[in-house]
Amino acid sequence: QVQLVESGGGLVQAGGSLRLSCAASGRIFSNYAVGWFRQAPGKEREFVAGISGTDSMHYADSVKDRLILSRDNAKNTAKLQMNNLKPEDSTVYYCAASYSSGEYVAEFGGEYASWGQGTQVTVSS
């Protein structure tokens, strides 16, 4: 399995931006799709965005106008740029990796075998 370490969360005012990073090790990174999820206490895990190994990008409709995905397979990293953040975006964000060829990006968390530790995003009003 690929191992994932996240960074980049923090406290930001509404309307601000954060960039989350997901560093991978252990396998050929380009063979994996990377998904970003969030889960608030008492709520189900929610797919936010995902990027395939071939840079096909998928965004949840609720956030697609405010997010930008990227990845650098040479550096084994994926990033999620979040703009115009809102208080309701406050929660823990996770990156996950799924062995996947081509442009496929899973939106169901159960299809991801590797998960990062999560990073807290807090948006103040």
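(A) Region of the structure containing the sheet that holds strand β3 (residues 18-25). If you walk across this open sheet you meet the 4 strands as β1-β3-β8-β7, and the pairing is antiparallel. Of all the strands in the sheet, the pair left with one neighbour each is β1 (3-7) and β7 (67-72). Each strand of the sheet is rotated relative to its neighbour by a mean of 15 degrees, with strand direction disregarded. Alignment of β3 against strand β8 (residues 77-82), held across 6 bridges, turns out to be antiparallel. For Leu 18, the partnering residue across the bridge sits in β8 and is Met 82.

(B) The pairing of β7, seen in detail. Along β7, the buried face is formed by Leu 67, Leu 69 and Arg 71; none of Ile 68, Ser 70 and Asp 72, which line the opposite face, is buried. In this sheet, β8 lies alongside β7 in antiparallel orientation, the contact comprising 6 bridges. Across the sheet, the residue bridging to Asp 72 is Thr 77, located in β8. Connecting β7 to the antiparallel partner β8 that follows it, the hairpin turn spans 4 residues, and Asn 76 within it adopts a positive phi of roughly 55 degrees.

(C) Highlighting the nonpolar core. Formed by 27 residues in total, the largest nonpolar core has its most connected members in Trp 36, Val 48, Leu 80 and Met 82. Put simply, the parts of the chain that give this core at least two residues each are β3, β4 (32-39), β5 (46-51), β7, β8, β9 (91-99) and β11 (119-124). Among the nonpolar cores identified, the runner-up in size contains 6 residues, and Phe 37, Ala 96, Val 105 and Ala 106 belong to it.

(D) Geometry of the packing of aromatic side chains. Counted under the stated rule, the structure contains 6 aromatic pairs. Each ring, one from Phe 37 and one from Tyr 112, has its centre 5.3 Å from the other, and the planes form 80 degrees; the classification is edge-to-face. Here Phe 37 is found in strand β4, whereas its partner Tyr 112 is found in the loop between β9 and β10 (114-115), with 75 residues between them in sequence. Accessibility classification places Phe 37 together with Tyr 112 in one group, the buried group. Aromatic rings pair up to connect Phe 37, Phe 47, Tyr 94, Tyr 112 and Trp 115 into one cluster. One Lys or Arg, Arg 45, reaches over the ring of Phe 37 and ends 5.9 Å from the middle of that ring.

Reading the values: rules and limits
- Residue positions are counted from 1 within each chain, in the order its sequence is given.
- Only residues with pLDDT of at least 70 get local features here, since the model is predicted, and only at 80 or more are side-chain atom pairs given and counted; chain-wide, interface and lining totals rely on the full set of residues.
- Where side-chain values are given, they derive from all heavy atoms of the structure, hydrogens and water being excluded.
- Should DSSP find at least two bridges between two strands, the strands are taken to pair.
- Secondary structure is summarised from DSSP: a helix means a run of H or I of at least four residues, a strand means a run of E of at least two, and numbering begins at the N terminus for each.
- Lines fitted to C-alpha atoms define the axes, with helix axes restricted to the stretch in contact, and inter-axis angles between N-to-C directions lie between 0 and 180 degrees.
- Partly exposed residues are those whose accessible area sits between 20% and 50% of the maximum for their type, while under 20% is buried and over 50% is exposed, using a 1.4 Å probe and protein chains only.
- The set of buried Ala, Val, Leu, Ile, Met, Phe, Trp, Tyr and Cys residues whose side-chain atoms join them within 4.5 Å is what this entry labels a nonpolar core.
- Two rings from Phe, Tyr or Trp (for Trp, the six-membered ring) form a pair when their centres are within 6.5 Å of each other. A pair whose planes differ by under 30 degrees is stacked, one over 60 is edge-to-face, and the rest are tilted.
- Any Lys NZ or Arg CZ found within 6 Å of a ring centre and within 35 degrees of that ring's normal is scored as a charge over the ring.

Taken by themselves, the reported measurements are silent on function.
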